[in-house]
Structures are given as C-alpha cells and as structure tokens.
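Each chain, letter by letter, is given below.
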Amino acid sequence: MASGPTQLCSHEVDGLRKRSAHPTLSTISVDNARSKVVLMPIDEYTLSSFPVYAKSDGQEISTATGFLYRYFDCVYLVSNWHVFSGRRPSDGSALDQHYRVPHNLDITLHYARFQRSLGQQAMFSKRINISLDSGWLQHPVFGQDVDVAVKKLDVRPLYRKQQQNGINLVCINDLRNDEFMLPQVGEDVFIIGFPMKISWAGSLPIWKRGSIATEYSLNYRNKKSFLVDSTTKDGMSGSPVIMRSSSFMRTNGSSQMAGPPSTRFLGIYSGRELRHDDQDTQLGLVWKKEYVIETIVGNKAGDFLVR
C-alpha cells in the first residue's frame, strides 16, 4: 500500500507559490554511543556512501548502499527503488524468500570538516534508524521502471552543534565535481559501495573499478542509463558511480593530459544485468544522476505494481 508523498521543502513551496507550515519529516533515532572525531588523510568521496541495512520487524532482510543528496535546504537519502520497496522492479514480487519487505533502514551518516589544503578531513559517523512508514519517493513518470528512490531526512537535530565547528553532513553533491569531464566508452569508473557487506574502519566503503561499457551519450534501453563492465557483488545496489582521472576529454572538445585528478559523479548503480550466476555477463546497470533530481522534484509517493 502506498504512503502519501513527502511534503515539500521551503524552496519547492516557493517555486510552486504554495506554503506548508508543517512538513512531514522522517523518524530518526540515534545510537547512544559517543562518537570520536578523528583527523586523517582520506578521499572525500570515500565519505560519500554508507551501508544500508533493510529490516522487517527488527530482522535484517537485505543489505545495500546509499548516499545523501542535498537539494536546497533539504537532505535526501538516495538508493535503489528495490532497496526501499524490497521488491523486483520487473514484476513487483518480493525479493525476500519469506516475502518480507522493509519497514526500517539502518544507515550510517558521515560528517566531515574538509581541510583540502592539508589533504585531511576531520570526520565521524553516526548510525541511525529510519522508518519507512512515513513514505518515500519514486520517479514521477517511470515509477519502478527507474530503479531510483529517495527519502527526505530531518537531520538538523543530529548535527546543528557540529555545524558550528565547521563539521557538515557529507552529501555527494557538496563534493568537488567536474561536469566538464566527458564520459566515454572504455573509460574507468569507480563504484563506491559495500560488496558482500565488506567495509573498513567501521563503515567506510570499497572502491570497485569498472569501465563504461555502452556509449554514455546514447541511453541504454531508452532510459537515462548505461552499462559498466565490473565484477560487482551483492550489497552494492545504490552505490554512487564516479569517474576519476588525471587524463580525459572535456565536453568542449579539449583534453587534459596528466594533470591533477578530477572527479565527476555519474549516477547510481542498481545491480547486474541479465544475472543468472557469478559467471554471467558481469555487466552492471547505472542510472544517470538526473533521475535523482527528477525524483525529488516529482514528489511522487513510492508504490509498486504487480505484473
């Protein structure tokens, strides 16, 4: 059964010439354990993703990856539609063998103060629990046929004091991003997630290398998506996919050769294409990041169709 759509943030209200006095916010609880702030050399994109544990009646039923996206004054959890719904996008059937679907998601938020001149970040993490009972959002046009979903979070009480010290919640679109990098077939990409629940330093991800396997400028299967050639594993659904290179072509036709590395956020990994076993095609499907904004702005309540 579908829940009502999330009410609009102030920027969305102004844009539509409407106003809502009491927006619906997510239910979040924080572990009581005290977190330490540490100073270490670490790539800022390592802090972009975190593990997602989907739970039903307190029992873990699946694991995945997620990240945060900031849209004006709101912060959204981003992952795949099948992670939020616990269902296969193709036919709406339950992924769990016991037909359980998630009611809560456990995630770990990363906070950081970036000191880029020193190559160091002060960071700490907090694990929180998110109730899905208040609803989540799917693509307003394609629904479950675009495997992207988001949920607005009320994170202000969790880090207002840290903000005063220059420590902010890490959202992927706050990080350095070069939109002039040209994604080309054969270029390396990195899928930043948690294969088979593997993490390090508590809740930091693994960078899995792959390559763009279809022409980026030509959408795969008439959707804003492309394939990557990579040996990905369970647990990586919802991972951000980035380009990272010192040598690349630019969208204006120029090139950079052996310069400082640049990064471009490309999209969201959602799983293996035509998967039958571990010896399959090893092609993964990536939804382009434009679907994140479209899903947020569309404000369409998450739902499913059984086909």
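Just so it is clear, the model here is predicted, and its values are computed rather than measured.

Student: Can you help me understand the pairing of strand β11 (residues 188-193) in this one?
Tutor: For a regular strand, side-chain orientation follows a simple rule: the groups alternate between the two sheet faces. Counting buried positions over the six residues of β11 gives five, a clear majority of the element. For β11 and strand β12 (residues 206-212), the ladder comprises six bridges, and the chain directions are antiparallel. Directly across from G193, in β12, lies its bridge partner I206. Sheet topology places β11 next to strand β14 (residues 240-245); two bridges connect them, and they run antiparallel. When the bridges of β14 are listed, I191 appears paired with V241.

Student: I tried to follow the pattern of salt bridges on my own but got confused; where do I start?
Tutor: Under the counting rule described, the total for this entry stands at 14 salt bridges. Measuring nitrogen to oxygen at the nearest pair gives 2.1 Å for the salt bridge that ties E179 to K289. Here E179 is found in the loop between β10 (168-169) and β11, whereas its partner K289 is found in the loop between β18 (283-288) and α4 (290-298), with 110 residues between them in sequence. A residue is classified by how much of its surface remains accessible, and E179, at 33% relative accessible area, is partly exposed.

Student: How should I be thinking about α4 in this particular structure?
Tutor: Each turn of an α-helix holds 3.6 residues, which means side chains three or four residues apart point in the same direction. Taken together, the buried positions of α4 are Y291, V292, T295 and I296. Buried residues along α4 cover an arc of 135° about the axis, so they all sit on one side.

Student: What is the right way to read unusual backbone geometry from this model?
Tutor: The general pattern is negative phi for most residues beyond glycine and trans for most peptide bonds. Even without being a glycine, K197 presents a positive backbone phi close to 70°. Along the polypeptide, K197 turns up in the loop between β11 and β12. In this structure K197 comes out as partly exposed when scored by relative accessible area, which is 47%. Phi is positive for N299, close to 55°, though the residue is something other than glycine. Its place among the elements puts N299 in the loop between α4 and β19 (300-301). According to the relative accessible area criterion, N299 is buried, its value standing at 18%.

Student: How do you make sense of empty space enclosed by the protein when you look at a structure like this?
Tutor: Any empty space left between the atoms is revealed when a probe the size of a water molecule rolls over them. In total, this model carries two cavities of 30 Å³ or more according to the counting rule given. Size it by volume and the second largest cavity reaches roughly 30 Å³. Around the second largest cavity, the lining residues are P51, V52, Y53, T63, A64, F194, K197 and G235. Breaking the lining of the second largest cavity down by element, the ones donating at least two residues are β3 (49-56) and β4 (59-71).

Definitions and limits used
- Residue numbers run consecutively from 1 along every chain, following the written order of its sequence.
- A pLDDT threshold of at least 70 governs which residues receive local features in this predicted model, and a stricter bar of 80 or more applies before side-chain atom pairs are shown or counted, although totals over entire chains, interfaces and linings include all residues.
- With hydrogens and water excluded, all non-hydrogen atoms of the structure serve as input to the side-chain values.
- Throughout this description, buried means an accessible area under 20% of the type-specific maximum (1.4 Å probe, protein chains only), exposed means over 50%, and partly exposed covers the range between.
- Helix and strand definitions here come from DSSP, where helices need a minimum of 4 consecutive H or I residues and strands a minimum of 2 consecutive E residues; each element is numbered from the N-terminal end.
- Criterion used throughout: strands pair if DSSP finds at least two bridges between them.
- We count a salt bridge whenever a side-chain nitrogen from Lys or Arg sits within 4 Å of a carboxyl oxygen from Asp or Glu.
- The arc in question is formed by the directions pointing from the helix axis toward the C-beta atoms.
- In this analysis a 1.4 Å probe is tested at points of a 1 Å grid over the protein atoms alone, and where it fits but cannot get out there is a cavity; an open set with protein on both sides within 12 Å along at least five of seven lines is a pocket; lining residues have an atom within 4 Å of a point.
- Grid points are joined across faces, edges and corners, and a volume is the space filled by probe spheres set on the points.

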